[in-house]
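Observations on the three-dimensional arrangement
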Amino acid sequence: MNTIDLFAGCGGLSLGFQNAGFAIKAAFDNWKSAIEVYRANFSHLIFDLDLAQDFDLEVLREFAPQMIIGGAPCQDFSSAGKRDETLGRADLTLKLAKIIAEIQPEYFVMENVPRIEKSQILREAKDILKNIGYGLTEKILDASLCGVPQNRKRYFLIGHLNSKDNFLDLYLEKNQSPHPMTVFEHLGESLDTEFYYRHPRSYLRRGIYSVHEPSPTVRGVNRPIPKTYVKHLGDACEPNGKVRPLTTIERSYLQTFPTDFKFFGSKSDLEQMIGNAVPVKLAEYVAKAIKQYQADLSNSKVLQAKQLAFHF
């Protein structure tokens with residue numbers, strides 16, 4: 001299925017769909033640092049294009065997309081951001097919906113943070129897509145139940161032309177793991193540490209974690225453990241010289257990027273693009289659900305055609 005990725009970042013969504021067998025034809029973003037990393041890891045083209053501005057949609061149509069995937073910037077919805085959808089970036093979710101409505105691929109996937117469910121922007125976006133004829137599935141997925149060693153919940157809006165709403169619910173639910181994946185289950189002893197530090201948003205929250213649990217959400221901030229850090233009740237161990245933050249690349253592994261994925265650039269840029277990325281295995285999980293649904297739909301149509309032919 002020909003697929004294009006909008007707001008592609010460094011490529012977590014693209015790689016997950018590619019691993020599931022989708023043909024990524026092109027990607028689009030306008031953050032140069034992320035574009036350079038993306039370009040180094042994929043054979044298809046990525047274009048430097050500001051999707052917030054008006055542009056000729058033929059740039060997208062020339063790839064004949066049957067699927068559009070995209071995770072518009074989420075800072076205006078995120079619990080880590082200002083939670084104010086009037087700041088401008090939330091409009092990109094609406095812009096993505098309008099692009100999909102104009103191109104009308106057979107399928108689309110939009111990813112964002114769970115808080116978007118409460119937004120007026122999302123209601124407007126869904127109205128646009130429903131009016132075109134898309135059946136919509138909405139689901140908040142816990143990445144730790146979808147092959148990712150991380151407590152990261154993300155909202156997905158998935159559409160299929162001329163389907164009923166909730167068409168993909170069963171497929172997104174039935175293959176989830178009964179248990180959250182731990183860091184150790186994914187990485188084994190490769191981190192060479194049992195405990196690590198993840199800087200909390202406030203010191204009312206824990207900061208020290210064990211590899212024998214899922215990691216907290218990987219964010220775009222990565223700091224050393226402060227010398228003045230005081231043990232939190234929830235910490236996995238006492239603060240000591242053996243507890244360290246994970247490196248930038250180790251954090252990419254928690255986002256399930258493979259070890260051969262090429263990351264380069266400034267540390268601040270890398271932390272941000274890795275923290276912003278859709279975990280590869282979460283994207284792959286969603287892609288496989290769509291692929292299975294499409295296969296079952298095709299088989300059902302073939303069976304109906306045979307039954308009709310037999311009847312006549």
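Summarised in this report is the structure supplied together with it.

1. Structural notes on the overall build of the protein
A count of helical and extended segments in the protein gives 10 helices and 10 strands. Since a compact globule built from 312 residues should have a radius of gyration of about 20 Å, the 21 Å found for the protein is in line with a globular shape. Overall, the protein is about 80 × 45 × 40 Å in size when its C-alpha atoms are taken along their principal axes. Across the 312 residues that make up the protein, the buried fraction comes to 50%. Relative to all contacts within the protein whose residues are 6 or more apart in sequence, the contacts with residues 24 or more apart total 69%. Roughly 15,100 Å² of accessible area belongs to the protein as shown, and the carbon and sulfur atoms make up 51% of that amount. Averaging the locations of the 38 positively and 37 negatively charged side chains of the protein gives two centres separated by 4 Å.

2. So, unusual backbone geometry
The residue Phe 7 is not glycine, and still its phi comes out positive at about 55 degrees. Tracing the backbone through its elements, the reader meets Phe 7 in the loop between strand 1 (2-6) and helix 1 (12-19). Residue classification places Phe 7 among the buried residues on the basis of a relative accessible area of 14%. A positive phi angle, near 60 degrees, is found at Asp 192, a position not held by glycine. Along the chain, Asp 192 falls in the loop between helix 7 (183-187) and strand 8 (195-197). We classify Asp 192 as exposed; its relative accessible area is 72%.

3. Description of the sheet that holds strand 3 (residues 45-48)
Remark on secondary structure: sheet strands pair via backbone hydrogen bonds, oriented parallel or antiparallel. With respect to topology, 7 strands assemble into an open sheet ordered 3-2-1-4-5-7-6, the strand pairing being mixed. Two strands close off the open sheet at either side, each with one partner strand: strand 3 and strand 6 (134-142). Going across the sheet, the axis of each strand differs from the next one's by a mean of 15 degrees, ignoring polarity. Here strand 2 (residues 23-29) runs beside strand 3; their pairing, made up of 4 bridges, is parallel. Across the sheet, residue Ala 26 finds its bridge partner in strand 3, namely Leu 45.

4. Overview of the packing of helix 4 (residues 91-103) against helix 5 (residues 120-132)
To characterise two packed helices, one gives the angle between the axes of the helices and the distance between these axes. At a minimum axis separation of 9 Å, helix 4 and helix 5 run at an interaxial angle of 5 degrees. It follows that helix 4 is roughly parallel to helix 5 by the angle criterion. Of the residues in helix 5, those touching helix 4 at Asp 91, Thr 93, Leu 94, Ala 97, Lys 98, Ile 100 and Ala 101 are Ile 121, Glu 124, Ala 125, Ile 128, Leu 129 and Ile 132. Of the residues belonging to the contact of helix 4 with helix 5, the class tally is 9 nonpolar, 1 polar and 3 charged.

5. Looking at the pattern of salt bridges
Counting across every chain of the model gives 12 salt bridges. Across the pair Arg 61 and Glu 58 runs a salt bridge whose closest N-O atoms are separated by 3.3 Å. One end of the pair, Arg 61, and the other, Glu 58, are both in helix 3 (residues 58-61), 3 residues apart, so they sit about a helical turn from each other. Given a relative accessible area of 32%, Arg 61 falls into the partly exposed group. Using a relative accessible area of 43% as the deciding quantity, one classes Glu 58 as partly exposed. With a closest N to O distance of 2.9 Å, Glu 250 and Arg 244 form a salt bridge.

6. Here's the deal with the nonpolar core
Ranked by size, the top nonpolar core spans 56 residues in total, and within it Phe 17, Val 109, Ile 158, Leu 168, Val 286 and Ile 290 carry the most contacts. In terms of residues, this core owes the most to one element, helix 10 (residues 280-311), which gives 9 residues. Excluding its chain neighbours within four sequence positions, the residues that come into contact with Ile 290 are Phe 17, Phe 22, Met 67, Tyr 107, Val 109, Ile 158 and Leu 168. One finds Phe 28, Phe 55, Tyr 155 and Leu 157 within the second-largest nonpolar core, a separate group that totals 31 residues.

7. Thoughts on the side chain of Ser 252
For Ser 252, the location among the structural elements is in helix 8 (residues 248-254). Taking the relative accessible area as the measure of exposure, Ser 252 reaches 1% and is therefore buried. Setting aside residues up to four positions removed in sequence, Ser 252 forms contacts with Phe 257, Phe 263 and Ile 274.

8. A look at the sheet that holds strand 9 (residues 208-210)
Pairing in this open sheet of 3 strands is mixed, and the strands run 9-8-10 from one edge to the other. The open sheet is flanked by strand 9 and strand 10 (244-245), the only strands paired with a single partner. Direction of pairing for strand 8 relative to strand 9: antiparallel, over a ladder of 3 bridges. In the strand pairing of strand 9, Phe 195 is matched with Ser 210.

9. Side note on the packing of aromatic side chains
Given two aromatic rings, one states the distance between the centres and the angle between the planes to describe the pair. Per the counting criterion, the structure on display carries 15 aromatic pairs. For the ring pair Phe 257 and Phe 263, a centre distance of 5.3 Å and an interplane angle of 80 degrees mean the geometry is edge-to-face. The burial state of Phe 257 is the same as that of Phe 263; both residues are buried. An aromatic cluster of at least three residues, connected via ring pairs, comprises Tyr 38, Phe 42, Phe 257, Phe 261 and Phe 263.

Calculation notes
- Residues numbered from 1 in each chain as written.
- Predicted model: local features only at pLDDT ≥ 70, side-chain atom pairs only at ≥ 80, totals over all residues.
- Heavy atoms only, no water.
- Helix = DSSP H or I, 4+ residues; strand = E, 2+ residues; numbered from the N terminus.
- Rg over C-alpha atoms; globule rule 2.2 N^0.38 Å.
- Buried < 20%, exposed > 50% of the residue type's maximum accessible area, 1.4 Å probe, protein only.
- Contact = heavy atoms within 4.5 Å.
- Areas by Shrake-Rupley, 256 points an atom, 1.4 Å probe, with all protein chains shown as cover.
- Lys, Arg positive; Asp, Glu negative; His and termini not counted.
- Charge placed at Lys NZ, Arg CZ, Asp CG, Glu CD.
- Pairing = 2+ DSSP bridges.
- Axes fitted to C-alpha atoms, helices over the stretch in contact; angles between N-to-C directions.
- Parallel < 35°, antiparallel > 145°, perpendicular 65-115°, else oblique.
- Nonpolar A, V, L, I, M, F, W, Y, C, P; charged D, E, K, R; others polar.
- Salt bridge = Lys/Arg side-chain N within 4 Å of Asp/Glu carboxyl O.
- Core = buried A, V, L, I, M, F, W, Y, C linked by side-chain atoms within 4.5 Å.
- Phe/Tyr/Trp six-rings, centres within 6.5 Å; stacked < 30°, edge-to-face > 60°.

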